[in-house]
Amino acid sequence: MFTSLWNAYGPFHVIFLHLPIGLVAGIAMIEAWSLISERGQAARVALPALYLFAAGAALLTVLAGLSLAGQGQPESPQTLFWHRNFGLVTLLFIISGTVLCWRQAPRWAQLGNLAALLLVIGVTGHLGGSLTHGDDFLTRRLP
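What this report covers is the structure whose coordinates are included nearby. Small disclaimer: the values here were computed from a predicted structure and weren't measured.

Description of the packing of aromatic side chains
Here comes step 1: Within this structure, the stated rule accounts for five aromatic pairs.
Here comes step 2: Ring centres of Y9 and F16 lie 5.8 Å apart, and the angle between their planes is 50°; on these two criteria the pair is classed as tilted.
Here comes step 3: Arranged with centres 6.0 Å apart and planes meeting at 25°, the rings of F12 and F16 form a pair that is stacked.
Here comes step 4: Among the residues examined, F12 registers a relative accessible area of 41% and is labelled partly exposed.
Here comes step 5: Here the aromatic residues W6, Y9, F12 and F16 are joined through ring pairs into a cluster of three or more.

Rendered as structure tokens:
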């Protein structure tokens, strides 16, 4: 029964993955706003909750992805390998961002972690897009 439930959970990966991406984008927008505005500084009060929700959503996403990866043979096992590993690294950066934020670590550490997170989440998303849409999904319509 557990195996059936685990396999049924996998397809939800494509639904869950948008939530941590959106939350991280919101975190990045608040951080950027806080660099240029006092009102943005005040908005930073929402960051601990946003990070916590992002960490929970990222965990659900990774678990669903691991379930999905175990089903069938991918067209590109190497891309799946890198997507899975970058997804795990993304989860780790979200968790470390959560810890840094909740412990009120120095701002440079929080912003550095966020910059690395944005880079890693972009690579992870690109690799996931390559798995679902093909390696040339970004460039196939270019002249």
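Digging into the nonpolar core
Here comes step 1: Judged by nonpolar contacts, the single largest core of 19 residues is most densely connected at V24, I27, L47, L50, I94 and L114.
Here comes step 2: Listing elements by their share of this core, those giving two or more residues are α3 (18–36), α5 (47–69), α6 (77–102) and α7 (107–133).
Here comes step 3: Among the elements that line this core, the one with the most residues is α5, at seven residues.
Here comes step 4: Those residues in contact with L114 that lie beyond four places of it in its chain are V24, I27, A28, E31 and Y51.

A short note on the side chain of N113
Here comes step 1: Within the secondary structure layout, N113 lies in helix α7.
Here comes step 2: For N113, the side chain forms a polar contact with the main-chain oxygen of F93, separated by 3.0 Å.
Here comes step 3: If we ignore the near neighbours within four places in the chain, the residues touching N113 are F93, S96, G97 and L100.

Description of the packing of α3 against α7
Here comes step 1: Direction vectors running N to C along α3 and α7 enclose 140°, while the axes themselves pass 11 Å from each other. One element, α3, and the other, α7, form an angle in the oblique class. You can see that α3 and α7 cross each other, and the crossing is left-handed. Residues I21, V24, I27, A28, E31, S34 and L35 of α3 touch α7, and the partners they reach there are R107, Q110, L111, L114, L117, L118 and I121.
Here comes step 2: A class-by-class count of the residues in the contact of α3 with α7 yields ten nonpolar, two polar and two charged.

Describing the packing of α6 against α7
Here comes step 1: Contact pair α6 / α7: the axes reach a minimum separation of 8 Å and the direction vectors enclose 155°. Here α6 is positioned roughly antiparallel relative to α7, judged by the angle of their axes. Between α6 and α7 the crossing geometry is left-handed.

About the criteria used
Residues numbered from 1 in each chain as written. Predicted model: local features only at pLDDT ≥ 70, side-chain atom pairs only at ≥ 80, totals over all residues. Heavy atoms only, no water. Phe/Tyr/Trp six-rings, centres within 6.5 Å; stacked < 30°, edge-to-face > 60°. Buried < 20%, exposed > 50% of the residue type's maximum accessible area, 1.4 Å probe, protein only. Core = buried A, V, L, I, M, F, W, Y, C linked by side-chain atoms within 4.5 Å. Helix = DSSP H or I, 4+ residues; strand = E, 2+ residues; numbered from the N terminus. Contact = heavy atoms within 4.5 Å. Polar contact = N/O pair within 3.5 Å; in protein donor to acceptor, adjacent residues only side chain to side chain. Axes fitted to C-alpha atoms, helices over the stretch in contact; angles between N-to-C directions. Parallel < 35°, antiparallel > 145°, perpendicular 65-115°, else oblique. Left-handed = near helix turned anticlockwise from the far one by under 90°. Nonpolar A, V, L, I, M, F, W, Y, C, P; charged D, E, K, R; others polar.

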